[in-house]
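# Topology and contacts: notes
The chain contents come next:
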Amino acid sequence: EQLMIHAQRPDATACADYALWNDKMNRFVHRGSTGIALLDSTSDKPRLKYVFDVSDTGGRENSRRPFLWEIQDHHKEPALKMLADKFDVKDSSLSEAFDIIARNLSKEYYEDHREDIRSLTENSFLAEYDEDSLRSAFVDAATVSTTYTLMKRCGLDTQEYFSHEDFLPIFDFNTTDAVCLLGTAVSEQSEQIFRQIAITITKTERERSDEHEQHHLSEERGLPDTQSEHNLTGEILGQIREDAE
């Protein structure tokens, strides 16, 4: 589905079917919008279903909009702290942390899906690999793909970080089943981390908003009175505090 969305609308950011936009998000799909066709194989006979990007929709009263987060400089430190807490990876840069987490998750994924991976790579270049070689090939391909996905979504520089040789393990996944296997692994692993990043950014922005509000209230309460300090008789009223030296 992600490949089909990218092929038809490479600029799409958040896609859902008509019912979800209308019923759950309280948004309407613009008249004349062209849906993105996807294959629906949930029934005996495959058919097409259609989704629409958020840019194809408009808002009503009380409409909801997808949270399309973006990492800013002030999000990086909280994100690194979150990665250390959730994934036990302590590093000074998001790129390095993503790389380590991606490798750890890829190793776990292989162990959890060992039999499926062997079955789904039967007709690919990986078919003749022994157990250790297949594990290494899968982990390398899934790691570089997941790391790239994470960095790209977070706006980090991928050109300086990767070389062409880093992506060579992917070329052994040269059948439809093998490509789907790798793509599914990368998607599931990336989603785990993206969800945590989104939560972290939301929390960080809420805290910054609360701090700003508290600061604003403090300033309001601490403003000096602009009225004259003389009473009706012309006498100067006492000050709240003594003047500093």
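Residues numbered from 1 in each chain as written. Predicted model: local features only at pLDDT ≥ 70, side-chain atom pairs only at ≥ 80, totals over all residues. Heavy atoms only, no water.

## As for the pairing of strand S4 (residues 47–53)
Of the pairings in the sheet, the one linking strand S1 (residues 15–16) to S4 comprises two bridges and is antiparallel in character. Paired with alanine 16 across the strands is phenylalanine 52, a residue of S4. Relative to S4, strand S3 (residues 36–40) runs antiparallel, the two being bridged by five bridges. When the bridges of S4 are listed, leucine 38 appears paired with lysine 49. (Pairing = 2+ DSSP bridges. Helix = DSSP H or I, 4+ residues; strand = E, 2+ residues; numbered from the N terminus.)

## Observations regarding helix H6 (residues 131–153)
For H6, spanning 23 residues, the distance from its first C-alpha to its last is 33 Å, which sits close to the expected 33 Å at 1.5 Å a residue. N-capping of H6 is provided by aspartate 130, with a side-chain oxygen placed 3.3 Å from the backbone N of aspartate 132. (Expected span 1.5 Å × (residues − 1). Polar contact = N/O pair within 3.5 Å; in protein donor to acceptor, adjacent residues only side chain to side chain.)

## Brief notes about the pattern of salt bridges
Per the stated rule, a full pass over the model turns up 14 salt bridges. One salt bridge in this structure joins lysine 49 and glutamate 1, with 3.0 Å as the shortest N-O distance. Highlighted residues: lysine 49 in strand S4 and glutamate 1 in the segment before helix H1 (2–8), separated in sequence by 48 residues. Assessed through its relative accessible area of 30%, lysine 49 is described here as partly exposed. One salt-bridge network, held together by shared partners, links Glu111, Arg114, Glu131, Asp132 and Arg135. (Salt bridge = Lys/Arg side-chain N within 4 Å of Asp/Glu carboxyl O. Buried < 20%, exposed > 50% of the residue type's maximum accessible area, 1.4 Å probe, protein only.)

## As for the packing of helix H3 (residues 73–87) against helix H4 (residues 94–112)
Interhelical geometry of H3 versus H4 gives an angle of 20° and a closest axis separation of 11 Å. Looking at the two axes, H3 sits roughly parallel to H4. Crossing of H3 over H4 shows left-handed handedness. Judged by residue contacts, Lys76, Ala79, Leu80, Leu83 and Phe87 of H3 engage Leu94, Ala97, Phe98 and Ile101 from H4. (Axes fitted to C-alpha atoms, helices over the stretch in contact; angles between N-to-C directions. Parallel < 35°, antiparallel > 145°, perpendicular 65-115°, else oblique. Left-handed = near helix turned anticlockwise from the far one by under 90°. Contact = heavy atoms within 4.5 Å.)

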